[in-house]
Amino acid sequence: MQMLALILSALIPLTFAKAQQIATDLSSHEIEINAGFDGAELLLFGHEGNTEDILVIVKGPEFSTTVRRKERVGGIWVNKTEVLFESAPGFYFVAATPNLNADGRIETIFAETGLGARYLGLNAKTETNLSETFRGALIELKTRAKLYSDSPGTVQIRPDGLFRVKIPFPASTPVGTYSVTVYQVVDGWPVAGASTPLAVRKVGFSAYVFDLAHNQPLIYGIIAIAIALSAGWLGGLAFRRS
Amino acid sequence: MHVYLPIAEISVDIFLLIGLGAAVGILSGVFGVGGGFLMTPLLMFIGVPPAVAVGSGANLLVATSITGVLAHWRRRSVDFKMGGVLLVGGVIGSTIGVFLFQKLQSIGQVDVVIGLSYVVFLGVIGSLMFFESVRSIARKRRGTAQRGKLHTHIWVHGLPFKMRFHKSRLYVSALLPLAVGAFVGLLAAIMGVGGGFIMVPAMIYLIGMPTSVVAGTSLFQILFVVMNVTLMQSWLNQTVDIILAVLMLVGSVVGVQLGTRLGNKLPGEQFRVLLAVLVLATCAGILFELVATPNFPYSITIQTGMK
C-alpha cells in the first residue's frame, strides 16, 4: 500500500509534466513591499519534457504613461513635446536559455513576436511620426530604472529538463498583478506553456500609510500636522530644559 | 539601512534622510531661516518626486516653525494682529498655490516652474544679502554707523483700509500685509518653502515693522501657511509622505538646537556673507540644471490613478 502511494506520487508530477509538457512554479507568489523593501529576487523553476529552448516573460501591471521631451526655449530646457501611451507595463522582464542566445535566434524571435523589451508593441494614443522615437525613449528610461530588462541566456536548463531563472525586482517595482509566462520555443516559434500569477503589494506599516493617504486623505493630513506639531513642541521643550 | 517611503515610492537610506534633516536644522538654527529652500531641491536631487518633496517639506516645516513660534511667544515678540492679517493672505495664497501646482503637474511643467522660481528668488535674495552684509562689515570697520530715516513715505502708505497694529506701532493699510501674506503663501505651496526669506525683508522694508517682532510674526504666519499646504497637499494630491517627514524631523529637531548654540558663538556678519554665498551657490546649481543640455531629454510620468 505504501509502495503504491510512493509510485503514484512519483508518477503524478511526471504525467502532469507530460500532459502539460511543462510545469513551473515560483519561489513565492507574492512580493511584499514593507518599510524595509529594497528590491527582491524571485526564483522561477520548473521542468519541461522535450528539453526545448525556453523563454520566460514577466509582465507587470499596465499604466497610462506620458513621455515628455525637453526642448530649448529661450535658453532653458522645458518639457515641450509629449506622447501618451495608454498602456505600458510597469515591469517587463525577458529571459531565455543560453542556446537561443548563442546562435542569435533570440533576436529574430524578439523582433518577430514583439516579446523582447526593446520590441514591446506600445501604442501611442495618437500615432504620429514622433511615436517611434518616444516609444524608444520610454523603453530606454524603464531599462535604466531596471524595470525593463532583456536577460537572454540567464535561464539555466539541465539535460533532464529541469530549469531555473532568477528574476530581479528593483525597489521601484510597481504594485499590482503580474503574469509570469514560460514559452517553449518550437521550430523557432515561442508557444505559450505554463503561466503563473504573481502579486506585488504593500504590506505592514507602509501599506497602512499608503491606504490612509489615499482613502482618508483629510484625516491623513490632520495626522501629518499633529505629528509635526507635537514633535516640534516636544523638541523645543526637551532642549529648553537641558 | 534603507527605508521604503510609501508615498514617494522609493527606497532611501535612513541615515541620509536624518543627516539631511540635521543639516537643514543646523542651518536654520545658525541663520534663523527655515531652510526649506535647500531642503526641497536636495530631496528632489536624491530622487523624491517634486510633488512629494514639496508636500512633505511643508509637513516638516510645521515642526520647525512651531518650535520657533513658541520660543518667540515666550519672549512676547509676536504681533498676533499683524500675523493674523498675514496668515489670512497666506491661507488664500497657498490654497491657490496648491491648485496651481496640481495644474502645472498635469501639463508637465511643474519642475521648470519650481526651478525658475528658485533661480529668481534665491538670486535676488542672495545678492541683496551679500551686498548688505559686506557693506555692514565695511561700515563696522570704519566705525561710522549712521542712522537711516525713521519713516520713509512711499506709495504703499496711501492704500485704503488702514488698520492699527499696536505691537508693531504701525498704522498701515491691511491690504499690504494681506498681499505679502498671499504672495508668500503662493510661493510656499509651489516651492515647498516657508518663505521667510521673502517675508522678512518685505516686513521690514515694505510694511515697515520693527525688527524685534519680525522673526516671531513671520514664523507665526509661516506655521499656518505650511499647515494649510500640508492639509491641502494631503487632501487633493496625496503627496505628503509622513515617513519621509518624520525621519527628516528627527535630524532637524537636533540640528536646530545645535545650530542655535553654534550661531551664538559665531560672528554674525561674517556668517551672513556665508549664508549669502550658500544661497547664491544653490541658485547657480539650479540655473545650471535648467540651462545645461540634458544628457537624455526625455522623461516619463505614470498616471497612478485608477485604470
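What counts as what
Residues numbered from 1 in each chain as written. Chains lettered and ligands numbered in written order. Predicted model: local features only at pLDDT ≥ 70, side-chain atom pairs only at ≥ 80, totals over all residues. Heavy atoms only, no water. Phe/Tyr/Trp six-rings, centres within 6.5 Å; stacked < 30°, edge-to-face > 60°. Helix = DSSP H or I, 4+ residues; strand = E, 2+ residues; numbered from the N terminus. Buried < 20%, exposed > 50% of the residue type's maximum accessible area, 1.4 Å probe, protein only. Lys NZ or Arg CZ within 6 Å of the ring centre and 35° of its normal. Pairing = 2+ DSSP bridges. Axes fitted to C-alpha atoms, helices over the stretch in contact; angles between N-to-C directions. Core = buried A, V, L, I, M, F, W, Y, C linked by side-chain atoms within 4.5 Å. Contact = heavy atoms within 4.5 Å. Buried area = accessible area lost by both parts, 1.4 Å probe. Salt bridge = Lys/Arg side-chain N within 4 Å of Asp/Glu carboxyl O. Nonpolar A, V, L, I, M, F, W, Y, C, P; charged D, E, K, R; others polar. Left-handed = near helix turned anticlockwise from the far one by under 90°. Patch = residues over 30% accessible without salt bridge, like charges linked within 9 Å, V, L, I, M, F, W, Y side chains within 5 Å. Areas by Shrake-Rupley, 256 points an atom, 1.4 Å probe, with all protein chains shown as cover. Domains from an automatic or database assignment. Polar contact = N/O pair within 3.5 Å; in protein donor to acceptor, adjacent residues only side chain to side chain.

### Some thoughts on the packing of aromatic side chains
For step 1, the next point in the chain: The tally for this structure, following the rule as stated, stands at 12 aromatic pairs over all chains.
For step 2, the next point in the chain: An angle of 70 degrees between the planes, with centres 6.3 Å apart, marks the rings of Y92 of chain A and Y148 of chain A as edge-to-face. Residue Y92 of chain A is located in strand β7 (residues 92–96), and its partner Y148 of chain A is located in strand β8 (residues 148–152); the two are separated by 56 residues in the primary sequence. Considered together, Y92 of chain A and Y148 of chain A belong to a single accessibility category, that of buried residues.
For step 3, the next point in the chain: Taking the centre distance of 6.1 Å and the plane angle of 75 degrees together, the rings of F169 of chain A and Y178 of chain A count as edge-to-face. Y178 of chain A shares its class with F169 of chain A; the two are buried.
For step 4, the next point in the chain: Clustering of aromatic rings is evident, with ring pairs tying together W73, F80, F220 and F224 of chain B.
For step 5, the next point in the chain: Geometry around F296 of chain B places R144 of chain A over its ring, the cationic atom sitting 4.4 Å from the centre.
For step 6, the next point in the chain: Lying across the ring of F210 of chain A, K202 of chain A places its NZ or CZ 3.7 Å from the centre.

### Details of the sheet that holds strand β5 (residues 298–303) of chain B
For step 1, the next point in the chain: Read across the open sheet, the 3 strands follow the order β6(A)-β5(A)-β5(B); overall the sheet is antiparallel. At either margin of the open sheet sits one strand with a lone partner, and together these are β6 (76–89) of chain A together with β5 of chain B. Taking each pair of neighbouring strands and ignoring which way they run, the sheet shows an average axis angle of 25 degrees.
For step 2, the next point in the chain: Sheet analysis places strand β5 (residues 62–73) of chain A next to β5 of chain B, joined by 6 bridges and oriented antiparallel. Bridge pairing links V67 of chain A to I300 of chain B in β5 of chain B.

### Considerations on the nonpolar core
For step 1, the next point in the chain: Ranked by size, the top nonpolar core spans 100 residues in total, and within it L5, L17, F37, L43 and I207 of chain B carry the most contacts.
For step 2, the next point in the chain: Sorting elements by how many residues they give to this core places helix α3 (residues 50–74) of chain B first, with 12 residues.
For step 3, the next point in the chain: Non-local contacts of L17 of chain B, meaning those with residues more than four positions away in its chain, are made with V3, L5, V12, L43, I46, L244, L247 and M248 of chain B.
For step 4, the next point in the chain: Among the nonpolar cores identified, the runner-up in size contains 53 residues, and L42, L44, A88 and A194 of chain A belong to it.

### A few points about the interface of chain B and chain A
For step 1, the next point in the chain: Every contact between the two is made by 52 residues of chain B and, on the other side, 60 residues of chain A.
For step 2, the next point in the chain: Across the chain B to chain A interface the summed buried area is about 4,800 Å²; carbon plus sulfur atoms make up 66%.
For step 3, the next point in the chain: The three residues of chain B that bury the most area against chain A are Y4, Y298 and I300 of chain B, which together make up 15% of that side's buried surface.
For step 4, the next point in the chain: At the junction of chain B with chain A, the criterion picks out 1 salt bridge.
For step 5, the next point in the chain: Its salt-bridge partner being K202 of chain A, residue E9 of chain B comes within 2.8 Å of it at the nearest N-O pair.
For step 6, the next point in the chain: For the side of chain B that touches chain A, the secondary-structure elements that each account for two or more residues are β1 (2–5), α3, α4 (80–106), α5 (110–142), α8 (211–237), α9 (242–265), α10 (268–291) and β5 of chain B.
For step 7, the next point in the chain: Tallying contributions element by element places α9 of chain B first for the side of chain B that touches chain A, with 8 residues.
For step 8, the next point in the chain: The residue makeup of the side of chain B that touches chain A, split by class, is 31 nonpolar, 16 polar and 5 charged.

### Brief notes about the packing of helix α2 (residues 36–45) of chain B against α3 of chain B
Residue and element names in this part refer to chain B.
For step 1, the next point in the chain: Put simply, α2 and α3 touch, their axes get as near as 9 Å, and they point 145 degrees apart. Crossing handedness for the pair α2 and α3: right-handed. Note on element contacts: α3 touches α2 through P50, A53, V54, G57, L60 and L61, opposite G36, M39, T40, L43 and M44.
For step 2, the next point in the chain: Among the residues making up the contact of α2 with α3, the classes are represented as 8 nonpolar, 3 polar and no charged.

### As for a nonpolar patch on the surface
Residues and elements named next belong to chain B.
For step 1, the next point in the chain: On the surface, V88, I92, I96, F161, L175 and L178 cluster together to form a nonpolar patch covering roughly 540 Å² of accessible area.
For step 2, the next point in the chain: Among the elements of the structure, α4 and α6 (175–191) are those that each provide at least two residues to the nonpolar patch.
For step 3, the next point in the chain: Among the elements that make up the nonpolar patch, the one with the highest residue count is α4 (3 residues).
For step 4, the next point in the chain: Examined against the element boundaries, I92 turns out to sit in helix α4.

### Quick notes on the domain arrangement of chain A
Residue and element names in this part refer to chain A.
For step 1, the next point in the chain: Domain annotation of chain A identifies domain 1 (24–202) and domain 2 (203–242).
For step 2, the next point in the chain: The centre of domain 1, based on its C-alpha atoms, is set 38 Å off from the matching centre of domain 2.
For step 3, the next point in the chain: Contact residues are listed per partner, giving 6 residues for domain 1 and 4 residues for domain 2.
For step 4, the next point in the chain: Between domain 1 and domain 2 the total buried area reaches about 440 Å² when both faces are included, carbon and sulfur atoms providing 66% of it.
For step 5, the next point in the chain: Where domain 1 meets domain 2, there are 2 residue pairs in polar contact (both at pLDDT 80 or more).
For step 6, the next point in the chain: Residues of the side of domain 1 that touches domain 2, tallied by class, amount to 2 nonpolar, 1 polar and 3 charged.

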